[in-house]
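If you want the building blocks of each chain, they are given just below.
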Protein chains: 2
Amino acid sequence: MVSDSSAVGEQGREIPDATVARLPLYHRALISLHRSGASTVSSEELATAAGVNAAKVRKDLSYFGSYGTRGVGYDVGQLLEEIRNDLGLQHPRNCIVVGTGNLGAALLSFGGFKDRGFAVVAAVDVDPARVGTTIGGIRVGHQDDLAGLVEANDVAIGLLTTPPVAAQQVADELVAAGVRSILNFAPTVVEAPEDVVVRHVDLASELEILAFHEGRREPIAPAS
Amino acid sequence: MVSDSSAVGEQGREIPDATVARLPLYHRALISLHRSGASTVSSEELATAAGVNAAKVRKDLSYFGSYGTRGVGYDVGQLLEEIRNDLGLQHPRNCIVVGTGNLGAALLSFGGFKDRGFAVVAAVDVDPARVGTTIGGIRVGHQDDLAGLVEANDVAIGLLTTPPVAAQQVADELVAAGVRSILNFAPTVVEAPEDVVVRHVDLASELEILAFHEGRREPIAPAS
DNA sequence: TGTTGTGAAATTGTTCACAGCC
DNA sequence: GGCTGTGAACAATTTCACAACA
């Protein structure tokens, strides 16, 4: 679902995609444990806090090195720091929102990214009625200023929240402006060069997966 | 990431989770093809439209039966109907939004669910300032009315957009009210009984996965 | 003693490649 | 001739289970 990765760990091993997808869960759990004052945590406890199992936690962490102490567990502060580094969050990453409809506006107003290491620093739209307005403290620029805003704000990640018909063109513009990470909320496939990572969030797809399981539970409607 | 499934296809075979996760992509692609007037589609074309490969398309569809014609491809209308049924979307599913902050409000105003077979029909919040207001045509009820609204509106799916601290309690209330499918946007683990399916959307996690790949591309900052 | 780190086994998912059919 | 449907080969991921060790 994500483009091919050939990520390599400290020890020169490849990091499996499945492991990368779980790092944020550990990150989140560790932030919470750190706040609550815990100093050490076992793989079992971390697993519970992250919603996975202990074997996965140990195997996943082992790709990055040995940070635990046998018989004791992991140092919360040290492991949090280590995972932050593994995730490339030594410094905050700047994001731009393209498209300021319902979802785009919500992303601009949403404060939950900051403590995870991200800042939404710019936004653009094609609608003249929206250009110049301020949402969540960010002034909405014109679509044509995209490249300039990316450059001026050192933007690393594009959040694509336009209607589906515009998505591919916006993605092309983001890539041309130097953005190499795109989170696409538009319900359509978006193509990009190999070195650009495009991830996809489709809320309707999530609902459909739930509906699938709903459908399996219901008795078949009586025939005749 | 999703609770254990033991879904069984028409032929009595189990449907792999990976296949279920791709059905929405085929659904989306087929809706688009159907609109554009295509009458048949090959596995290769459908694969391109859905962003996967042709072998996956054929294998996935084969779990539900043989709906293609060798040498020709699949009938777009018939396959669309079949997938809609496989997904349990013979009738629309009703959803309730719990928590009407930035994201909750966006979900209430978002129109993109309707053509995928879902309707947001109710919303609740704990904040008295929000209760009684109307967002996206839906009147916001009080949290205490959750069970009543679920019952009155035949709600099948709960969209959980509260702050993390409230998420588990809200999930418990949804389950008590009879909801067995939950889409959790709060960045925390939510527990539920085995027969309840909880899926998770964490936007910050998606950004972190992008950051991981960003970090791998950058040269290590020069030491000294 | 308690918990990590990790090979090996088991499971799940993907791709190949081709027989079967239109 | 072209495309589906599917067993069989292959690859990725998860889980087991236990040696290593603070």
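A quick note: this is a predicted structure, and the numbers were derived from the prediction, not measured.

Draft legend 1. The arrangement of the overall build of chain A in detail. Helices and strands together make up the secondary structure of chain A, namely 8 helices and 10 strands. Taking the principal axes of its C-alpha atoms as reference, chain A extends roughly 65 × 60 × 35 Å. Every one of the 224 residues in chain A was classed for burial, and the buried ones make up 48%. In chain A, the 18 positive side-chain charges and the 28 negative ones have mean positions that sit 8 Å from each other.

Draft legend 2. Quick look at helix α4 (residues 76-86) of chain B. Those residues of α4(B) not exposed but buried are B:Val76, B:Leu79, B:Leu80, B:Glu82, B:Ile83 and B:Asp86. Taken end-on, α4(B) shows its buried residues confined to a sector of 165°, consistent with a single buried face. Residues of α4(B) that are buried sit in contact with α8 (203-217) of chain A together with α1 (17-35), β1 (40-41), α2 (43-50), α3 (54-62) and β3 (73-75) of chain B. If you check the start of α4(B), you find a side-chain oxygen 3.2 Å away from the backbone N of B:Gly77, and it comes from B:Asp75.

Draft legend 3. Broad picture of the packing of helix α1 (residues 17-35) of chain A against helix α8 (residues 203-217) of chain B. Close contact between α1(A) and α8(B) brings their axes to 9 Å; oriented N to C, the two are set at 120°. On the basis of the axis angle, α1(A) is oblique to α8(B). Considering the relative orientation of α1(A) and α8(B), their crossing is right-handed. In this structure, α1(A) uses A:Val20, A:Ala21, A:Leu23, A:Pro24 and A:His27 to contact α8(B), whose residues at the interface are B:Ser205, B:Glu208, B:Ile209, B:Phe212 and B:His213. Each residue belonging to the contact of α1(A) with α8(B) can be placed in one class, and the counts come to 6 nonpolar, 3 polar and 1 charged.

Draft legend 4. Expanded view of the domain arrangement of chain A. Domain boundaries in chain A define domain 1 (17-86) and domain 2 (93-206). For domain 1 of chain A and domain 2 of chain A, the distance between their C-alpha centres works out to 31 Å.

Draft legend 5. Just the interface of chain A and chain B, in detail. Counting from both sides, the interface comprises 66 residues of chain A and, opposite them, 66 residues of chain B. Both faces combined, the contact of chain A with chain B buries some 5,700 Å², and carbon together with sulfur accounts for 65% of it. Between the two partners, chain A and chain B, sit 10 salt bridges. A salt bridge links B:Arg116 to A:Asp202; the shortest N-O distance between them is 3.4 Å. Across the contact surface, chain A and chain B share 26 residue pairs in polar contact (both at pLDDT 80 or more).

Draft legend 6. Local environment of the confidence of the model for chain A. Per-chain confidence: chain A averages 93 in pLDDT, with 92% of residues scoring 70 or above. Within the model, pLDDT remains below 50 along residues 1-6 of chain A, and this stretch shows 12 contacts once partners closer than five positions in the same chain are excluded.

Draft legend 7. Here's a closer look at the sheet that holds strand β6 (residues 134-135) of chain A. Residues and elements named next belong to chain A. If you trace the 7 strands from one edge of the open sheet to the other, you get β6-β7-β5-β4-β8-β9-β10, paired in mixed fashion. Where the open sheet ends on each side, the last strands, each with one partner, are β6 and β10 (197-200). With 6 bridges connecting them, strand β4 (residues 93-98) and strand β5 (residues 118-125) associate as parallel partners. What sits directly across from Cys95, in β5, is Val120. Sitting on the sheet, helix α7 (residues 164-176) touches β4, β8 (155-160) and β9 (181-184), and the angle it makes with β8 is about 175°.

Draft legend 8. Region of the structure containing the protein's contact with DNA strand C. Close contacts around DNA strand C come from 24 residues, with A:Ser43, A:Gly71, A:Tyr74, B:Asn53 and B:Arg70 the closest. Between DNA strand C and A:Gly71 there is a distance of 3.0 Å, counted from a sugar or linking oxygen to a backbone nitrogen or oxygen. Of all the secondary-structure elements, those providing two or more residues to the surface near DNA strand C are α3 (54-62), β2 (68-69) and β3 (73-75) of chain A together with α1 and α3 of chain B. In terms of residue class, the surface near DNA strand C is built from 5 nonpolar, 10 polar and 9 charged.

Draft legend 9. Just the sheet that holds β3(B), in detail. Residue and element names in this part refer to chain B. The 3 strands lie next to each other as β1-β3-β2, forming an open sheet whose pairing is antiparallel. Every interior strand has two partners, whereas the edge strands, β1 and β2 (68-69), have only one. Where β2 lies against β3, 2 bridges are found, and the strand directions are antiparallel. The residue bridging Thr69 from the neighbouring strand is Gly73, located in β3. The strands that α4 touches are β1 and β3; relative to β3, the one it contacts most, it runs at about 75°.

Draft legend 10. Quick look at the packing of aromatic side chains. Residue and element names in this part refer to chain A. Across all of its chains, the model carries 2 aromatic pairs over all chains by this definition. Aromatic pair Phe110 and Phe113: ring centres 4.9 Å apart, planes at 85°, arrangement edge-to-face. On the accessibility criterion, Phe113 (3% relative accessible area) is buried.

Calculation rules
Residues numbered from 1 in each chain as written. Chains lettered and ligands numbered in written order. Predicted model: local features only at pLDDT ≥ 70, side-chain atom pairs only at ≥ 80, totals over all residues. Heavy atoms only, no water. Helix = DSSP H or I, 4+ residues; strand = E, 2+ residues; numbered from the N terminus. Buried < 20%, exposed > 50% of the residue type's maximum accessible area, 1.4 Å probe, protein only. Lys, Arg positive; Asp, Glu negative; His and termini not counted. Charge placed at Lys NZ, Arg CZ, Asp CG, Glu CD. Arc of directions from axis to C-beta. Contact = heavy atoms within 4.5 Å. Polar contact = N/O pair within 3.5 Å; in protein donor to acceptor, adjacent residues only side chain to side chain. Axes fitted to C-alpha atoms, helices over the stretch in contact; angles between N-to-C directions. Parallel < 35°, antiparallel > 145°, perpendicular 65-115°, else oblique. Left-handed = near helix turned anticlockwise from the far one by under 90°. Nonpolar A, V, L, I, M, F, W, Y, C, P; charged D, E, K, R; others polar. Domains from an automatic or database assignment. Buried area = accessible area lost by both parts, 1.4 Å probe. Salt bridge = Lys/Arg side-chain N within 4 Å of Asp/Glu carboxyl O. pLDDT = per-residue confidence, 0-100. Pairing = 2+ DSSP bridges. Near = heavy atom within 4 Å. Phe/Tyr/Trp six-rings, centres within 6.5 Å; stacked < 30°, edge-to-face > 60°.

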